[in-house]
Amino acid sequence: MSADRWYKNAVIYSLSLDSFLDSNGDGIGDFAGLLDRIDYLQGLGVTAIWLMPFHPSPRRDHGYDVSDYYGVDPRYGTLGDFVEFTQACRQRGIRVLMDLVLNHTSTEHPWFQAALADRNCKYRDFFIWADKRPEDADEGLIFPGVQETTWTWNRHAQAYYFHRFYDFQPDLNLANPQVQAEMLKIVGFWLELGISGFRVDAVPFLIAADGINVKDPEPAFEFLRHLREFAQWRKGDAVFLAEANIPPEDCVRYFGETGDRLQMMFNFPVNQTLFYALASGDTAPLREKLQASRDLPPIAQWAHFLRNHDELDIARLPDEQRKAVFSTFGPDEEMQLYDRGIRRRLAPMLGGSRAKLELAYSLMLTMPGTPVIRYGDEIGMGEDLSLPEREAARTPMQWSAEVNAGFTPCDEPVRPVIDHGPYGYRKVNVAMQRADDGSFLRWIERMLRMRKELTEIGHGEFTILDTKSHILAMQYTYEGRTSLFTHNLSDRKVEFAVKLDDKSESVRPLVCLQTNRSIPASDDGSHDLVLEPLGYRWFRLGGLEDMIVNGGPAADTPVRVVQ
Ligand code: NOJ
Ligand code: CA
């Protein structure tokens, strides 16, 4: 049954424990705090929570430097607290996904420590070594400006070790069957404790396991298949969501031709061109990437997002497009990172414009796939550019106007709470927005509710309709239901006609899901539509019986600022 593919109509919310809610006053968010806010997330419309790494870790890369895959960092609680959390989620029908960092460990992981101490121990071959500094050691840096090399000398090991990321993150040798076996065991362990799936970190680098020049990637792809098979054997509905910033044409290898590898993947090409469309009004590159991302095996699914916990990576845009995105959304040097990205939150990037935020979310929610929301973006939180690198967009959740945004009573929160300017917690917080029916939070709640009812987006087929260049009009069809999503990327009112691909015998009206207005078809079967500047409208094709009435803003809603 295709409806059993729960991830196809999920709403995923990503959060890191340390910045969500602190329950014991030590300044660090924890499982008990998160447990307290599951009802908030359920009310928001979230159906799956993606937890960023929560294992014991020196936390030099936000937990992506794992020192024990089987544990919970004591700062966040205990394994018992973790199970209380997954159980509370299950009671509410919420799934839990967690990060799975297979590419590397922390230098403090016992495997690496053992490998350093004894050249002949089995753990030596868990990592990747060279006696001489490889010639390409300066190439393929992931964090240019911060990272200097991908091979670092270790005097205990008397060898260089390979690290795609920071020097404290030695790459695992995934080609070693013993490493693969350990990975399966880790997956099995967490599935047993109530996890429904994994966000797999840095997947392209698993494929490039032996450094930059991979001779034969097939065994690594085969490992992805094996991983999936193992997980589904243990738990039938388990899914993997791959972090892979690669061109669309390479994606099928990650999904598998027959859909036997990873079920989901973030659509980075669509993310980048979506930001270009917002910056320029030009929808052509976005349409092109959407077309390139179609025809997947039935089991496969894209995940769409606006911002995540990293920089907005626009490296793959052509020069002119990248320049346009930088100059519109991150013009100052301090906003930019690693020569390729913008380290800002969504709301300030969009100048705090309510109309642009709605447009961006409306676009993202109607992309073919599953939406992923970043904590704090539902209230339009800002960034703190005085923090280093990607920390700028990882400040504590702003719950209320109480001290430290209600995140912690502690004087020293894990990262400073934003306390001044238009995005300070006294102006942007959950408590205030819940009390205001016109707030962005309320708007998101309504949109998510409606989005979940529109199962044709996640499960169905899409067609991009022929319209004007500043308009994106997408039709979805699934099990006899047809809907249409229209967006005006320009700052002018636009009138246009669309001709849907409708197999029904009679000509049907389009019913607007925001206004409940019905738009009859013209004699030739097309529909005449009008979109306000930066406007968007969602429609269901058909009569009242097909319609979902939802209180969205009216066509002439003026442009408002988030606060
Ligand atoms: C990708 C993660 O999103 C990022 O935050 C992390 O630094 C790297 N992988 C290394 O694990
Ligand atoms: Ca705490």
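So, how was this worked out
Residues numbered from 1 in each chain as written. Chains lettered and ligands numbered in written order. Predicted model: local features only at pLDDT ≥ 70, side-chain atom pairs only at ≥ 80, totals over all residues. Heavy atoms only, no water. Helix = DSSP H or I, 4+ residues; strand = E, 2+ residues; numbered from the N terminus. Rg over C-alpha atoms; globule rule 2.2 N^0.38 Å. Buried < 20%, exposed > 50% of the residue type's maximum accessible area, 1.4 Å probe, protein only. Contact = heavy atoms within 4.5 Å. Areas by Shrake-Rupley, 256 points an atom, 1.4 Å probe, with all protein chains shown as cover. Lys, Arg positive; Asp, Glu negative; His and termini not counted. Charge placed at Lys NZ, Arg CZ, Asp CG, Glu CD. Donors = N, O, S within 2.8 Å, 3.2 Å for Na, K, Ca; no water. Polar contact = N/O pair within 3.5 Å; in protein donor to acceptor, adjacent residues only side chain to side chain. Phe/Tyr/Trp six-rings, centres within 6.5 Å; stacked < 30°, edge-to-face > 60°. Lys NZ or Arg CZ within 6 Å of the ring centre and 35° of its normal. Domains from an automatic or database assignment. Buried area = accessible area lost by both parts, 1.4 Å probe. Salt bridge = Lys/Arg side-chain N within 4 Å of Asp/Glu carboxyl O. Pairing = 2+ DSSP bridges.

Any chance you could break down the overall build of the protein for me, citing the residues and the numbers?
In terms of helices and strands, the protein carries 16 helices and 22 strands. A compact globule built from 563 residues should have a C-alpha radius of gyration of about 24 Å, and the protein, at 24 Å, falls within 12% of that. Taking the principal axes of the C-alpha coordinates as reference, the protein spans close to 80 × 55 × 50 Å. Buried positions account for 62% of the 563 residues belonging to the protein. Taking as baseline every contact in the protein between residues at least 6 positions apart, the subset at least 24 positions apart corresponds to 69%. Accessible area for the protein stands at about 21,700 Å²; split by element, carbon and sulfur atoms hold 48% of it. Between the mean site of the 61 positive side-chain charges and the mean site of the 82 negative ones, the protein shows a separation of 2 Å.

Could you give me a rundown of the coordination of the calcium ion (ligand 2), with the residues and numbers involved?
Within the protein, Asp-22 (OD), Asn-24 (OD1), Asp-26 (OD), Ile-28 (O) and Asp-30 (OD) serve as the donor atoms for the calcium ion (ligand 2), at 2.3 to 2.4 Å. Mapping the donors of the calcium ion (ligand 2) onto the primary sequence yields the spacing D-x1-N-x1-D-x1-I-x1-D.

Can you tell me about the side chain of Asn-154, naming the residues and giving the values?
Along the chain, Asn-154 falls in strand β5 (residues 151–154). A distance of 2.9 Å separates the side chain of Asn-154 from the backbone nitrogen of Ala-157, its partner in a polar contact.

Provide a residue-level description of the packing of aromatic side chains, including the pertinent values.
The full count for this structure, using the stated rule, is 41 aromatic pairs. Ring geometry for Phe-20 against Tyr-375: centres 6.3 Å apart, planes inclined by 90°, an arrangement best described as edge-to-face. On the criterion of sequence distance, the pair formed by Phe-20 in the loop between β1 (12–15) and α1 (31–36) and Tyr-375 in the loop between β14 (370–374) and α14 (430–434) is long-range, its members being 355 residues apart. Comparing Phe-20 with Tyr-375 shows no difference in burial state: the two are buried. Judged by centre distance (5.1 Å) and plane angle (50°), the ring pair of Phe-143 and Tyr-338 falls under tilted. Of this pair, Phe-143 sits in the loop between β4 (129–130) and β5 while Tyr-338 is found in the loop between β12 (336–337) and β13 (341–342), placing the two residues 195 residues apart along the sequence. For the pair Phe-143 and Tyr-338, one class covers both residues: buried. Every member of this aromatic cluster is reached through a ring pair, and the members are Phe-31, Phe-54, Tyr-70, Phe-82, Phe-85, Phe-189 and Trp-190. Here the basic side chain of Arg-124 rests over the ring of Trp-129, its NZ or CZ set 4.3 Å away from the ring centre.

Any chance you could break down the domain arrangement of the protein for me, citing the residues and the numbers?
For the protein, the assigned domains are domain 1 (3–102 + 178–451), domain 2 (110–162) and domain 3 (459–541). Distance between the C-alpha centres of domain 1 and domain 3: 30 Å. Contacts between the two partners involve 27 residues from domain 1, matched on the other side by 22 residues from domain 3. Both sides together, the interface formed by domain 1 and domain 3 hides about 2,200 Å², and carbon and sulfur atoms give 67% of it. Contact with domain 3 buries area across many residues of domain 1, yet Arg-287, Leu-359 and Thr-366 alone supply 27% of it, more than any other trio.

Got a sec to walk through the environment of Gly-45? Specific residues and values, please.
Looking at where Gly-45 falls in the secondary structure, it is placed in the loop between α2 (38–44) and β2 (48–51). Look past the residues within four positions of Gly-45 in its chain and what remains in contact with it is Val-11, Leu-448 and Lys-452.

Give me the pattern of salt bridges: which residues, what numbers.
Scanning the model with the defined rule gives 33 salt bridges in all. The shortest N-O distance in the salt bridge between Arg-540 and Glu-456 comes to 2.9 Å. Residue Arg-540 is located in strand β22 (residues 536–541), and its partner Glu-456 is located in helix α16 (residues 455–459); the two are separated by 84 residues in the primary sequence. What makes Glu-456 buried here is its relative accessible area of 0%. A single salt-bridge network, built from bridges that share partners, covers Asp-18, Arg-59, Asp-61, Asp-310, Arg-390, Glu-391, Arg-394 and Arg-415.

Now, about the pairing of strand β10 (residues 301–305): what can you tell me, with residues and values included?
Most of β10 is tucked away: 5 of the 5 residues are buried. Side-chain alternation along β10 places Gln-301, Ala-303 and Phe-305 on one buried face and Trp-302 and His-304 on a second face that is also buried. As defined by bridge partners, strand β9 (residues 264–266) adjoins β10 across 3 bridges and the pair is classed as parallel. Of the residues in β10, the one forming a bridge with Phe-266 is Ala-303.

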